[in-house]
Amino acid sequence: MESLAQLETLCERLYTSQNSAERAHAESTLKCFSLNPDYIPQCQYILDNASTPYALVLASSSLLKQITEHKLSLQMRLDIRNYVINYLATRGPELENFVIGSLIQLLCRVTKFGWFDDDKFREVVKEATNFLNQASSGHYSIGLKMLNQLVSEMNQPNVGLPLVQQRKVACSFRDQSLFQIFQVSITSLHQLKSDGNFQVSGVLKELTLSLALKCLSFDFIGSSVDESSEEFGTLQIPSSWKPVVQDPSTLQIFFDYYRIMGPPLSKEALECLVRLASVRRSLFTDDPARFQFLGHLMNGTKEIIQTGLADHDNYHEFCRLLGRFKVNYQLSELLSVESYGEWIHLVAEFTTKSLQSWQWASSSVYYLLGLWSRLVTSVPYLKGETPSLLDETVPKITEGFITSRFNSNQADFPDDLSEDPLDNAELLQDHLEFFPYLCRYQYETSSLCIMKIMDPILQVYTERASSPMPVDANELAVIEGQISWIVHIIAAILKVRQITSCRTESQELIDAELAARVLQLSNVTDIGVHSQRYGEISKQRLDRAILTFFQNFRKSYVGDHAMHSSKQLYLRLSELLGLHDHLVLLNFIVGKIAMNLKHYPQCEDVIEHTLSLFLELASGYMTGKLLLKLDSIKFIIKENFRFLEEYRCLHGRTTFYYTLGYLIFMEDSPVKFKAFMEPLLQVSV
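No experiment lies behind these values; they were computed from the predicted model shown.

Asker: How should I be thinking about the packing of aromatic side chains in this particular structure?
Answerer: Two descriptors summarise a pair of aromatic rings, namely the distance from one centre to the other and the angle between the planes of the rings. Tallying each qualifying case throughout the model produces 28 aromatic pairs. Both rings, one in Tyr83 and one in Tyr87, keep their centres 5.7 Å apart while their planes meet at 35 degrees; by these two values the pair is tilted. Of this pair, Tyr83 and Tyr87 both sit in helix α6 (residues 74-91), separated by four residues, roughly a single helical turn. For Tyr87, a relative accessible area of 4% gives the class buried. For the pair Tyr366 and Phe434, a centre-to-centre distance of 5.1 Å together with 55 degrees between the ring planes defines the contact as tilted. Within this pair, whereas Tyr366 is found in helix α20 (residues 365-378), its partner Phe434 is found in the loop between α22 (425-432) and α23 (435-441), the two being separated by 68 residues in sequence. Residue Phe434 is classed as buried on the basis of its relative accessible area, which comes to 10%. In this structure an aromatic cluster arises from ring pairing among Trp115, Phe173, Phe179, Phe182, Phe218, Phe220 and Trp241. Cation over ring: Arg405 sits above Phe401, and NZ or CZ is 5.4 Å from the ring centre. Positioned above the aromatic ring of Trp485 is the side chain of Arg405, whose terminal nitrogen or guanidinium carbon lies 5.4 Å from the ring centre.

Okay, structure coming up:
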């Protein structure tokens, strides 16, 4: 390299040039600094003498790569460590932020890789604290950045460090330094909040909140929690943290920062509260301490609800915080808090408003419904005389959810159908995972609400089928979307019966009432005007919803384990629809399967759902035997459906013939086998 000026020019091209050829040439020329350990002194020279930030970043990033990919001597690594600390102390405040970040990453990497090699490496927290004790806000900022990066570095795997060694370092860091860093963050939060003479910017508060959050998000037990996930388990904080966690001022400082700081800092304060609410129960060695902590959380969240939440990210994080209450605490413990009555009513009101604002809060409602479902499923185990007040609050939430889903459907479909729960199985699961437990809690009231909403719209839909007048396609699309939601809700309720003890005669009769309406609807969807709408998205949604209902209904009332335990249901279905036993109901379901296979030749999604139901029916030992007795099965065996010729339904064709083969070979019947092979022989001849 002829001169430092030339190197600085190359560095600027490497990081800023829009020309890919220029960047490639600069990278090729400068890569020697990161590949050859002999260039480490030159990197130091660049840091000492370069005037452009890009040259400084090149030097620090090259040293980082050297540390990560090469086995440097202990003395050299110590020299790099000491040099970077002194460099940040003397020149740090005047450097660009991205240069400071690069140098701090280098310091933390060399610290991690040398953690067990020399005691000096483990003094990094002390070095960072020295920066915090300086008079300038620039040094204070660097100290906080050092601690932030150190916790992040220790909590993530590195390419150059074996996984076992990585975990040993992380555990040692957790035991020796992490609690001290968390204490620094709490102390700094108090100092930055109360010291009126300390001229600080929002950046310092942001760094301090971020540091506290990183400490609380540390992988304490090596469980490798996916931080991209919305959910996490109990926070396994070490026992040594107990005095600070139980100190009321720790919780309060995050509630205070939520109140005084705007987004996005207020969201980070809520994130810290979410994690503190997830602290393992065993950290509290006695009930009074746990109740005091819980009471503080309840009062803090109560004040937030009363104040209101306008920011969407804060709203979502607050819903996550509420969702943690029943995950980590028993209903009896919630009842023991003096403010429980006011709190539960406020949370119920908050939930109802969230349901009404479904477009804005759809992803947040998941956590609220999770809270309520866990509350109602705990009621049977509740002892004592204290009322839970759930009888007053849950019916309103149930009605609010049903009404909001019913009203959520619009005539215009979104540009991306995957954003609509009716077209996205995962989103639909999120919406309906917890709600059925709320319905079953006061099933009679919930079912009356469902029937009150469904009956008028079902009557209108039935009338449209036979109407001689032209039908408004947009109106039908809205109706089909509304009915689809109701059908999915009923299907989810029936699914819950399989995994709970909801098997009383009264609940079975209500199941029959709801099921009868969907079965009646299934008859209507394929007649009159509706038989001409198989290409419409809303019609396909409705038929998918009906198929989901059949799948859940089959498992609860038609499956091998349910055939002798549903007398009340079939008595009621016989009165309403004439479906008096399993065989008649199976024939009804198979008739719908045949209708879908016939009329949806080019709709891969509906065909896939239909064949999935068909295979489930055939795979059951008893249901498979019963299917062979049905005339509708004989029709399916003989029929050459058009979807079999569609390339897009290739996988469906495999499933179809697999299912038929399963049925044919269930018993020794040459007649059925010949009928099954006849269409294939005609094609092959």
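Asker: Got a minute to help me understand the pattern of salt bridges in this structure?
Answerer: A side chain with one charge can pair with a side chain of the opposite charge if their charged atoms come near. Summed over all chains, the structure comprises 32 salt bridges. In this structure, Asp287 and Arg290 form a salt bridge, with 2.9 Å as the shortest nitrogen-oxygen distance. Pair noted here: Asp287 and Arg290 are both in helix α15 (residues 287-307), with a separation of three residues, about one helical turn. Judged by its relative accessible area of 41%, Asp287 is partly exposed. Looking at Arg290, the relative accessible area reads 8%, which means it is buried. Taken together, the shared-partner salt bridges in this structure form one network comprising Asp420, Asp423, Arg541, Arg544 and Asp605.

Asker: I keep staring at helix α13 (residues 248-260) and nothing clicks. Help me out?
Answerer: Structural remark: α-helix, 3.6 residues per turn; residues separated by three or four positions point the same way. In this model α13 runs 18 Å from its N-terminal to its C-terminal C-alpha over 13 residues, within 8% of the 18 Å that 1.5 Å per residue would give. Within α13, the full set of buried residues consists of Thr250, Leu251, Ile253, Phe254, Phe255, Asp256, Tyr257 and Tyr258. Buried residues along α13 sit against α10 (163-194), α11 (202-216), α12 (242-246), α14 (265-276), α15 and α16 (312-328).

Asker: I tried to follow the confidence of the model for the protein chain on my own but got confused; where do I start?
Answerer: The predicted coordinates ought not to be read in detail in places where the model reports low pLDDT. For the protein chain, the mean per-residue pLDDT works out to 88, and 94% of the residues sit at or above 70. Segment residues 226-230 is flagged for pLDDT under 50; beyond a separation of four residues in sequence, or across chains, it makes five contacts in the model.

Asker: How do you make sense of helix α4 (residues 40-49) when you look at a structure like this?
Answerer: Buried within α4 are the following residues: Ile40, Cys43, Ile46 and Leu47. One face of α4 carries all of its buried residues, which in axial projection span an arc of 110 degrees. Considering only its buried residues, α4 is in contact with α1 (4-16), α3 (32-35), α5 (53-69), α6 and α7 (97-113).

Asker: Where do I start with the UniProt feature "domain: Importin N-terminal" (unreviewed entry) in the protein chain in this structure?
Answerer: Sequence positions flagged by UniProt for "domain: Importin N-terminal" (unreviewed entry) are, in local numbering, residues 26-90. Secondary structure within residues 26-90 divides into 82% helix and 0% strand; the distance between the first and last C-alpha atoms comes to 30 Å.

Asker: Explain the packing of α20 against helix α21 (residues 390-407) to me, please; I cannot follow it from the model alone.
Answerer: Packed helix pairs are specified by the crossing angle of their axes together with the interaxial distance, meaning the distance between the axes. At their nearest, the axes of α20 and α21 sit 12 Å apart, and the two run at 140 degrees to each other. For the element pair α20 / α21, the angle class is oblique. Viewed along their axes, α20 and α21 form a crossing whose handedness is left-handed. Contact residues: Leu369, Trp372, Leu375 and Val376 in α20; Leu390, Thr393, Val394, Ile397 and Phe401 in α21. Tallied by class, residues from the contact of α20 with α21 come to eight nonpolar, one polar and no charged.

Asker: Help me understand the environment of Cys603 in this model?
Answerer: Topologically, Cys603 is positioned in the loop between α29 (582-599) and α30 (604-619). On the basis of relative accessible area, Cys603 is assigned to the buried category, the value being 12%. Spatially, the C-alpha atom of Cys603 lies 8.2 Å from that of Gln540, the residues being 63 residues apart in sequence.

What counts, and where the lines are drawn
- Residues numbered from 1 in each chain as written.
- Predicted model: local features only at pLDDT ≥ 70, side-chain atom pairs only at ≥ 80, totals over all residues.
- Heavy atoms only, no water.
- Phe/Tyr/Trp six-rings, centres within 6.5 Å; stacked < 30°, edge-to-face > 60°.
- Helix = DSSP H or I, 4+ residues; strand = E, 2+ residues; numbered from the N terminus.
- Buried < 20%, exposed > 50% of the residue type's maximum accessible area, 1.4 Å probe, protein only.
- Lys NZ or Arg CZ within 6 Å of the ring centre and 35° of its normal.
- Salt bridge = Lys/Arg side-chain N within 4 Å of Asp/Glu carboxyl O.
- Expected span 1.5 Å × (residues − 1).
- Contact = heavy atoms within 4.5 Å.
- pLDDT = per-residue confidence, 0-100.
- Arc of directions from axis to C-beta.
- UniProt positions renumbered as here; feature names shortened; annotations may be inferred.
- Axes fitted to C-alpha atoms, helices over the stretch in contact; angles between N-to-C directions.
- Parallel < 35°, antiparallel > 145°, perpendicular 65-115°, else oblique.
- Left-handed = near helix turned anticlockwise from the far one by under 90°.
- Nonpolar A, V, L, I, M, F, W, Y, C, P; charged D, E, K, R; others polar.

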